[in-house]
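Commentary on secondary and tertiary structure
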Amino acid sequence: MKEKENMENIRKIRAYCILAKGDTPKMINKETFLIPSQSNSNKKYKVTFTNTWTCECPDFKYRKIKCKHIQAVEMWIHLRQTLMNNDILELHNEIQQIKCIYCSSFNVVKDGIRKNKHGKKQRYRCKDCGKRFVLDPVKGHKANGKLIALSMDLYFKGLSLRKIADTIYQFYGIKIHHDTIRRWINKFMSRIKSM
Ligand SMILES: [Zn+2]
Ligand SMILES: [Zn+2]
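Residues numbered from 1 in each chain as written. Chains lettered and ligands numbered in written order. Predicted model: local features only at pLDDT ≥ 70, side-chain atom pairs only at ≥ 80, totals over all residues.

**Description of helix 1 (residues 2-21)**
Across its 20 residues, helix 1 extends 29 Å between first and last C-alpha, which sits within 8% of the 28 Å expected from 1.5 Å per residue. Just past helix 1, the residue glycine 22 takes up positive phi, approximately 100 degrees. (Helix = DSSP H or I, 4+ residues; strand = E, 2+ residues; numbered from the N terminus. Expected span 1.5 Å × (residues − 1).)

Here is the structure:
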């Protein structure tokens, strides 16, 4: 039983990563949700509630445990019930490190696309100070959902924060301070514990 609990806990973190990435479930009806596969971007898994949750993915089929898709749907329903949309937005932005360049608030929303000769850029508006801005791509997207998911994975495999930072650098050529990774993990854990 302990084994099952451990396996489900790991999937809980992955589920959180799915939501943090912005892959929120699509509700078909009250009992049916679609959620993107994390390994194949063209594929979606159907998560259904009858007496209990089921999912189409192999993890659920073969192991009969709550897979990350089921947990993402549960978490999403729970989040929607308990948090205001603003909280979700702020958390999402904080994880992605999208913050106002004027007042450092994470309470920002997307505000159209700015086009110039270099191409298109996402523009944001700060809900606290009201200013609009675009992000320096290096600064703003340093921490995307993929890196966070990878960090969490490595952390639960027992790697040290420095080793995780090193692995990210080896694979992606992106330098992330181990204190940043510590912040992500703490943030995730506190959110997950409060659910
Ligand atoms: Zn699944
Ligand atoms: Zn601001």
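**A word on the pairing of strand 3 (residues 44-49)**
Relative to strand 3, strand 2 (residues 32-36) is paired through five bridges, and the arrangement is antiparallel. Counterpart to phenylalanine 33 in the pairing with strand 3 is valine 47. The pairing of strand 3 with strand 4 (residues 53-55) spans three bridges and is classified as antiparallel. Looking at the pairing, valine 47 lines up with cysteine 55 of strand 4. Hairpin connection from strand 3 to strand 4: three residues lie between these consecutive antiparallel strands. (Pairing = 2+ DSSP bridges.)

**A word on the sheet that holds strand 2**
Spatially, the four strands line up as an open sheet ordered 1-2-3-4, and their pairing is antiparallel. Each end of this open sheet is capped by a strand with a single partner; those strands are strand 1 (26-29) and strand 4. On average, each strand axis in the sheet is tilted by 25 degrees relative to the strand beside it, whichever way the strands run. (Axes fitted to C-alpha atoms, helices over the stretch in contact; angles between N-to-C directions.)

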